[in-house]
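# Descriptive structure summary
Chain by chain, the residues run as shown.
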Amino acid sequence: MKPRIIGLYLPQYHPIPENDEWWGKGFTEWMNVAKAKPLFRGHYQPRIPADLGFYDLRLPEVREQQAQLAREAGLEGFCYYHYWFGNGRQLLERPFNEVLTSGKPNFPFCLCWANHDWTNKTWQKGNNFRRDSMIMKMEYDKEDYVRHFNYVLPAFRDPRYITVDGKPLFAVWAPHHIPDAREFIDLWQRLARENGLPGIHFVGHTDNAGKGLPGQAADYYSADKAKEYYQAVLDLGFDAVMSSGYRRAVALLQGKTRMMWRMLSGKTFAPTYSKMDYSRLMANYYVPEDAGENIYPTLLPQWDRTPRAGKNSEIVVDSTPDRFQDTVERAIELIKQKEPEHQLLFLKAWNEWGEGDYVEPDQKFGHGYIKAIRNAIDKFE
């Protein structure tokens, strides 16, 4: 059985009234992608899409093309970021809603609740000089949990919805941000059973450096605490962990002195850009605990946030399809002893162009990253 690779999918690439108000009429993140500038010799910017162009996710033919590319790569499906802020407030919901109601593309999917505030730090403000720091704040309460469940129930019932152990997979990006996570999970599990489902397979995202763990400082240098960090998510009631090693890998690559300066200065991540070699970064990305039965590691193809953050960013250099294939092969090796249902990897991400974190075809590498995933899968089949 081939590994289950699910691509995290950003539904941002279409105009919405809120972005018109906050960032200017017609804004989508393509504007930042297109205007990005190289900061040093050989810096790969701007990154220009190839096959799909600067697409608009309101177009069903674009979504069909994306699904076909994902099939070419060997992905099982997409995991759509789901922006639910409480009290029925949403953003960027149109692409997934149209996928759900139209039945097309006929390609598996699941949801990841992106439960974080939106501030005007999301992207550079450009000509928008509004001082508001909070654009859309996350709010939690039990009544809203019921409203939220009823909203996603039609998706859970869709035959395309991805399941683990027969249960629909629902990921949560910031599990520790939910003030009563166990109450939330228990309620949804009960509602699922009352609506004829066997339950829900909850997956909580976390860094193996413990970033965001309540009451604890992040330990960026020790792999020994990864088990503790993962267990903290499971103790909230989650069935599994989506693990990321990026922050720890950055810290190990850049060294304690530089990281200490950043923490003391209040600029934990890059007051100015810093370059990191992809292969050296990924050498520290995974930990032995990622081989655990209920741990689902992530795949990082590239990383360069300069379209969003300008100079205040880390820039991963010398990522190539061949080097990414090595990453995929290593990750598959980590998970291949698990039960087939749990041989699961999250591609982070399918189309995060504003963070330079994507596998969709671009003008430089074409289908290279898509072929890299397929090549790695084929080696293990």
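Residues numbered from 1 in each chain as written. Predicted model: local features only at pLDDT ≥ 70, side-chain atom pairs only at ≥ 80, totals over all residues. Heavy atoms only, no water.

Another aspect to go through is the nonpolar core. If you look at the biggest cluster of nonpolar residues, it comprises 115 residues, and the most contacted ones within it are Leu 75, Phe 170, Trp 188, Leu 281, Phe 324, Phe 346 and Trp 350. Residues in contact with Leu 281, not counting those within four places in the same chain, are Tyr 246, Ala 249, Val 250, Leu 253, Met 276, Leu 300 and Val 316. (Core = buried A, V, L, I, M, F, W, Y, C linked by side-chain atoms within 4.5 Å. Buried < 20%, exposed > 50% of the residue type's maximum accessible area, 1.4 Å probe, protein only. Contact = heavy atoms within 4.5 Å.)

Attention now moves to the pairing of strand E13 (residues 314-317). A two-sided burial pattern is seen for E13, the buried positions comprising Glu 314 and Val 316 on one face and Ile 315 and Val 317 on the other. Two elements, strand E11 (residues 274-277) and E13, share 4 bridges in a ladder whose sense is parallel. Looking at E13, one finds that Lys 275 is bridged to Ile 315. (Helix = DSSP H or I, 4+ residues; strand = E, 2+ residues; numbered from the N terminus. Pairing = 2+ DSSP bridges.)

Per-residue confidence for the protein gives a mean pLDDT of 91, with 88% of residues at or over 70. Note on residues 124-129: pLDDT under 50 across the span, and 12 contacts to partners over four residues away in sequence or across chains. (pLDDT = per-residue confidence, 0-100.)

Taking 1.5 Å per residue, 14 residues should reach 20 Å; helix H6 (residues 181-194) reaches 20 Å between its end C-alpha atoms and fits that length. Turning to H6, its buried residues number three or more, namely Ala 181, Phe 184, Ile 185, Leu 187, Trp 188, Gln 189, Leu 191 and Ala 192. Looking at the buried side of H6, the elements it contacts are strand E4 (109-113), helix H5 (142-157), strand E8 (167-172) and strand E9 (201-207). (Expected span 1.5 Å × (residues − 1).)

Running from N to C, helix H3 (residues 60-73) and helix H13 (residues 368-380) point in directions that differ by 35 degrees, and their axes come no closer than 7 Å. Contact with H3, carried on its side by Leu 69, Arg 71, Glu 72 and Ala 73, involves Ile 370, Ile 373, Arg 374 and Ile 377 of H13 and no other residues of that element. Class assignment for the residues of the contact of H3 with H13 results in 5 nonpolar, no polar and 3 charged. (Axes fitted to C-alpha atoms, helices over the stretch in contact; angles between N-to-C directions. Nonpolar A, V, L, I, M, F, W, Y, C, P; charged D, E, K, R; others polar.)

Once that is clear, we can look at unusual backbone geometry. Excluding glycine, residues mostly carry a negative phi; peptide bonds, for their part, are mostly trans. Residue Pro 46 follows Gln 45 across a cis peptide bond; omega there is -5 degrees. Examined against the element boundaries, Pro 46 turns out to sit in the loop between helix H2 (30-35) and H3. Geometrically, the link from Lys 104 to Pro 105 is a cis peptide bond, its omega value of 0 degrees lying close to zero. You can see Pro 105 is positioned in the loop between helix H4 (94-102) and E4. The phi angle at Leu 92 is positive, at roughly 60 degrees, despite the residue not being glycine. Tracing the chain through its elements places Leu 92 in the loop between strand E3 (89-91) and H4. When its relative accessible area of 4% is taken as the criterion, Leu 92 is described as buried.

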